[in-house]
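# Fold and contact review
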Amino acid sequence: MLKILNNSVAFAIGVIVVGFVAFAYSASVNKITDFVIFCIYVLGFDVLYGHMGRISFGHTLYLGAGAYGAAMCAKYLVPDPFLAMAMGIAAGAFLGLIIGPIAVKTKGAAFALINVAFNQIGYFIVLVALARYTGGEDGVSLTFNSYGFVNFGNIHFLFAFCLTCLVAVYYLMHRLYGSAFGIMLLGIKENETRVRFLGYNTSAYKWVAFIISTSVSAFAGALFVINYGFANPGFMDPARNVEVIFAALIGGPGTELGAVVGGTAYMVISNYLAKYIARWEMFLGAALLIIAFGFRKGIMGYVRELVEKRIKANAMAAEK
Amino acid sequence: MAEVVITARGVTKQFDGLVASSNVNFEICVGDTVGIIGPNGAGKSTFFNLLTGLYIPDSGTITYFGKDITKMPPHDRVGLGIVRTFQLVSVFDTMTVLENMMLARIRFDGTYGKKRFFLRNLLKSREVDGCMKALDTIGIAGKCDVKVSDLPYGKKRELEIAIALSMDPKLLLLDEPLAGMSMVEITEIMDIIKGLKSKLTIVLVEHKISKILDLVDTLYVMHEGQIICSGEPNMVICDPAVKECYFGRDNVCY
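Attention here is on the structure that accompanies the text. In this text the structure is predicted, and so the values were computed from the model without any measurement. (Residues numbered from 1 in each chain as written. Chains lettered and ligands numbered in written order. Predicted model: local features only at pLDDT ≥ 70, side-chain atom pairs only at ≥ 80, totals over all residues.)

### A look at the sheet that holds strand β8 (residues 201–205) of chain B
All names here are of chain B. Pairing in this open sheet of 6 strands is mixed, and the strands run β6-β7-β8-β3-β9-β10 from one edge to the other. Of all the strands in the sheet, the pair left with one neighbour each is β6 (82–84) and β10 (226–231). Between one strand axis and the next, the sheet turns through 20° on average, direction left out of account. Across 4 bridges, the pairing between strand β3 (residues 33–37) and β8 is parallel. For Ile36, the partnering residue across the bridge sits in β8 and is Val205. Helix α1 (residues 44–52) contacts β3, β6, β7 (171–175), β8 and β9 (218–223) of the sheet and is inclined by roughly 150° relative to β7. (Pairing = 2+ DSSP bridges. Helix = DSSP H or I, 4+ residues; strand = E, 2+ residues; numbered from the N terminus. Axes fitted to C-alpha atoms, helices over the stretch in contact; angles between N-to-C directions. Contact = placed C-beta atoms within 7 Å.)

What follows is the structure in structure tokens.
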């Protein structure tokens, strides 16, 4: 069982695909596409949070960068969905490239706040400074080209495409976390000085991790734009950072599956609880408190712990 | 005359007015084992951190085989063969024993910094065999999949030393390797260090003077950021200035 949790990426991907397809076609394909994209966003966020131990309170900047990168490309260059995605990712990577060296020097509260600061700047730029191009508060509406069956206006195609993207990102993360680089990130999380004294230029690797995180988040942003057909400053709103933090926390930071579970759990709460309770955010706050004080490892962390305990108990019994 | 490995000339470091290291001169030759002793707060650790690059001195120079490394960042110094351990054992608790060892060794795998470094599973590296051998030397190869947090403290220290040795050190700096160990563990660690003595150049910071007296060739005594005495161990500990600061005024000669 632990082996499955640790290694069997195929098993995990199978669960994700079957789970989302079943969910989508029993609930609403439109809505679940949202869930899937959000999970990609959480995966991007968790590179920094779960693996490098840096919590960013300004990650919507990178989501928004991807969204606006894609939107501006579609509006002013060509409305090609793939080029828009590429531009979105490029925008996120570019931000990671220039903000990274400053941000990764810090940790803890400083890292969180530096990201908020840049997030605020970005929000101001799309809302006010470049309102002539971005449409300010109203945002921009877009239509994308379609080529035969590659039609992003078709919700089934869109859902399948997003799910494929999630699987691809998931697999990429799996490879990254199992590699020397992934182990090094864990080392940096636990004791960065020590990693430096193993002979590694940790600043450079933190920068790389930062760029990976911003790029993946931006990719999610671009997919959101293609899904909604518009981009507005809501994508970059600093106040919405709590969403991704909550999702990463509830799922269990530091595991790929945890990010997906958390992303889904958050979306379920925010989409379905809102139907029954008007001020559902109140419960979100309470849940966050419970997680912060008693449930630090999240759903997947908890499952893992149970399995590990079970195995230990079995091993003990076998020894006797 | 043997070749000089590392030299510190007039090295000074202040922290908000506190002079943690004051005009320190230090030198070690190839193959030597040098001990640094001194009371708490004498500046031993600061000096260590200056040698290894965690701190940059306010003034003075540090040279390594004739090369000025005063401002070189730690990871580059490690690349040159200056390897250290920490006073508080610093292995990664959240990782397995093998992962700890691998993290030190992947630098020597041909893929370091290339694509495979980011995407290939760590355990497919050709360094795995070497790591297992290194773990075997301290008798924990069988526990390679165990989380380090489950190891006893003494084993963690041994693991840390084994990791340091796996990094091809030319100069090994051990920061209080006997701190917090039981008597049995101390004996084990001492055996390891004795075995290294003939192969490596070693600098040792230690509180337990009695343990290292017959281990080191030269002993430096630090007090209030300065080296107050250096030389042959048994001479040094009978020096009046040393006795006064280290053992108290009325103590009999050790």
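There is more to say, and it comes next.
### Considerations on the pairing of strand β2 (residues 18–29) of chain B
Residue and element names in this part refer to chain B. Here strand β1 (residues 4–15) runs beside β2; their pairing, made up of 8 bridges, is antiparallel. When the sheet's bridge partners are listed, Thr7 is paired in β2 with Glu27. Linking β1 to β2, which pair antiparallel, is a turn of 2 residues; within it Asp16 sits at a positive phi near 45°.

### So, the pairing of β8 of chain B
Two faces make up the sheet, and in a regular strand the side chains alternate between them. Residue and element names in this part refer to chain B. Of all 5 residues in β8, 5 are buried, a share of seventy percent or more. Side chains of β8 alternate between two faces, with Thr201, Val203 and Val205 and Ile202 and Leu204 buried alike. Across 5 bridges, the pairing between β7 and β8 is parallel. Looking at β8, one finds that Leu173 is bridged to Val203. In this fold, β7 hands off to helix α7 (residues 183–197), which returns the chain to β8; that crossover is right-handed. (Buried ≥ 20, exposed ≤ 12 C-beta atoms within 10 Å, placed from the backbone. Right-handed = clockwise from strand over helix to strand, strands pointing away.)

### Re the packing of helix α3 (residues 97–105) of chain B against helix α5 (residues 128–137) of chain B
Residue and element names in this part refer to chain B. Running from amino to carboxyl end, α3 crosses α5 at an angle of 120°, the nearest separation of the two axes being 10 Å. The pairing of α3 with α5 is recorded here as oblique in orientation. In the crossing of α3 with α5, the sense of the turn from one axis to the other is right-handed. Residues Val97, Leu98, Met101, Met102 and Arg105 of α3 form the contact with α5, whose own contacting residues are Gly130, Cys131, Ala134 and Leu135. By residue class, the composition of the contact of α3 with α5 is 7 nonpolar, 1 polar and 1 charged. (Parallel < 35°, antiparallel > 145°, perpendicular 65-115°, else oblique. Left-handed = near helix turned anticlockwise from the far one by under 90°. Nonpolar A, V, L, I, M, F, W, Y, C, P; charged D, E, K, R; others polar.)

### Concerning unusual backbone geometry
All names here are of chain B. If you check the backbone angles, Asn23 has positive phi at about 50° while not being a glycine. For Asn23, the location among the structural elements is in strand β2. Look at Asn23 and you get partly exposed, because 15 C-beta atoms sit within 10 Å. Here Glu224, not a glycine, exhibits a phi torsion of approximately 50°, which is positive. If you trace the backbone, Glu224 turns up in the loop between β9 and β10.

### Re the nonpolar core
Of all hydrophobic cores here, the largest spans 166 residues; its most connected members are Cys39, Ile40, Val42, Ala67, Ala70, Met184 and Ala222 of chain A. Ignoring sequence-local partners within four residues, the contact set of Met184 of chain A consists of Val195, Tyr200 and Tyr205 of chain A together with Leu103 of chain B. (Core = buried A, V, L, I, M, F, W, Y, C linked by C-beta atoms within 7 Å.)

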